[in-house]
Structure formats: structure tokens, C-alpha cells
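Observations on the three-dimensional arrangement
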Amino acid sequence: QVQLVESGGGLVQAGGSLSLSCAASGHTFSSYGMGWFRQAPGKEHEFVAAINWSGDNTYYADSVKGRFTMSRDNAKDTVYLQMNSLKPEDTAVYYCAADGRHPGGSIQATTYQYWGRGTQVTVSS
């Protein structure tokens, strides 16, 4: 079992930055693919970014490419999402997810076994 706890959300003006963290516990974090997803009110769960077990490979949704950066520190059992040039349409609850079956990382929400409770990001115009 893996427990995930997100932090770092908040309110920011358009054009600003936020850095999210996701701390993992309960299993061998370094062997897991990790992902960030988000859900805005009335919308479907949306893929944001994913990273493989070693941190060498990352994947991004087109909507955030060039603005968001995902990274991980296996020594700290933590993944990060640095969000720059934020837009009002980035407003959502952001969730961290862990995938023990696909250490290479996945863009599909259905492949992830463990999820955090989410952290709210609000971008004002």
C-alpha cells in the first residue's frame, strides 16, 4: 500500500507560479511510475504530467508543455510539479498518483493504483 499526500496548492494570479509536492510512504517509491492529474469543476479527470521510476523520462499534456515541469527525488520519496506562467484554465484540484505496474510512467489515469486526496490550485485572472 502506498500513501500519497499532496501539498503546495493555493491561490495565485495569472502569470504566476506554484510548486506542488507529493510525498509518498508505505512502499518502494523508487520503483513506481508517478503522475499528476487534475480535475476542474464539471470536467473530467485530465492528465497533466508523468515521470518514470528514475526521473529520466517525463511526459506532459500539450496544455502544460513548456510551462510545467515534473521531477522526483527518490531519496526523499517525493515528486514535484513546478507550474509557471499559470493561466485561469489551470484552476483545478491536482492529484498525485502512483503506478507500481508501469515504472516507465503512464498518461492513462486507469493504470494508477494509488491516489492522493488532491490539492486545490486557483488561478485568478
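Residues numbered from 1 in each chain as written. Predicted model: local features only at pLDDT ≥ 70, side-chain atom pairs only at ≥ 80, totals over all residues. Heavy atoms only, no water.

Turning next to the nonpolar core. Core analysis: the biggest nonpolar cluster contains 36 residues, and Leu-4, Met-34, Trp-36, Met-70, Leu-81, Met-83 and Tyr-94 have the highest contact counts within it. Secondary structure elements with two or more residues in this core: β3 (18–25), β4 (33–39), β5 (46–51), β7 (68–73), β8 (78–83), β9 (92–99) and β11 (119–124). The contact partners of Tyr-94, leaving out residues within four places of it in the chain, are Glu-6, Leu-20, Trp-36, Phe-37, Arg-38, Val-48, Phe-68, Leu-81, Met-83, Gly-118, Thr-119 and Val-121. (Core = buried A, V, L, I, M, F, W, Y, C linked by side-chain atoms within 4.5 Å. Buried < 20%, exposed > 50% of the residue type's maximum accessible area, 1.4 Å probe, protein only. Helix = DSSP H or I, 4+ residues; strand = E, 2+ residues; numbered from the N terminus. Contact = heavy atoms within 4.5 Å.)

With antiparallel pairing, four strands are arranged side by side in an open sheet as β1-β3-β8-β7. At either margin of the open sheet sits one strand with a lone partner, and together these are β1 (3–7) and β7. In this sheet, neighbouring strand axes are inclined to one another by 15° on average, regardless of whether the strands run parallel or antiparallel. Bridge analysis of β3 against β8 gives six bridges, and the strand direction is antiparallel. Within β8, the position partnered with Ala-23 by the bridge is Thr-78. (Pairing = 2+ DSSP bridges. Axes fitted to C-alpha atoms, helices over the stretch in contact; angles between N-to-C directions.)

In this structure, Asn-52 sits in the loop between β5 and β6 (58–60). By relative accessible area, which is 6% here, Asn-52 ends up buried. A distance of 3.0 Å separates a polar atom in the side chain of Asn-52 from the backbone nitrogen of Gly-55. A distance of 2.9 Å separates a polar atom in the side chain of Asn-52 from the backbone nitrogen of Asn-57. Those residues in contact with Asn-52, other than ones at most four positions away along the chain, are Tyr-32, Asn-57, Arg-72, Pro-103, Gly-104 and Gly-105. (Polar contact = N/O pair within 3.5 Å; in protein donor to acceptor, adjacent residues only side chain to side chain.)

Evaluated as defined, the whole model comprises five aromatic pairs. On the numbers, 5.7 Å between centres and 70° between planes, the contact of Phe-37 with Phe-47 is edge-to-face. One end of the pair, Phe-37, is in strand β4; the other, Phe-47, is in strand β5, with ten residues separating them in the sequence. Residue Phe-37 is classed as buried on the basis of its relative accessible area, which comes to 1%. (Phe/Tyr/Trp six-rings, centres within 6.5 Å; stacked < 30°, edge-to-face > 60°.)

Our focus in this paragraph is the state of the cysteines. Enumeration over the complete set of coordinates arrives at one disulfide. With a sulfur-sulfur separation of 2.1 Å, Cys-22 is cross-linked through a disulfide to Cys-96. Between Cys-22 and Cys-96 the disulfide shows an S-S torsion of about -75°. By sign, it is left-handed. Taken together, the residues Cys-22 in strand β3 and Cys-96 in strand β9 connect sequence positions 74 residues apart. Just as Cys-22 is buried, Cys-96 falls in that class too. (Disulfide = S-S within 2.5 Å.)

What follows concerns the pairing of β11. Residues Thr-119, Val-121 and Val-123 point to one face of β11 and are all buried, whereas Gln-120, Thr-122 and Ser-124, pointing to the other face, are not buried. Bridge analysis of strand β2 (residues 10–13) against β11 gives four bridges, and the strand direction is parallel. Residue pairing for β11: Val-12 is matched across the bridge by Val-123. Bridge analysis of β9 against β11 gives three bridges, and the strand direction is antiparallel. Across the sheet, residue Val-93 finds its bridge partner in β11, namely Gln-120.

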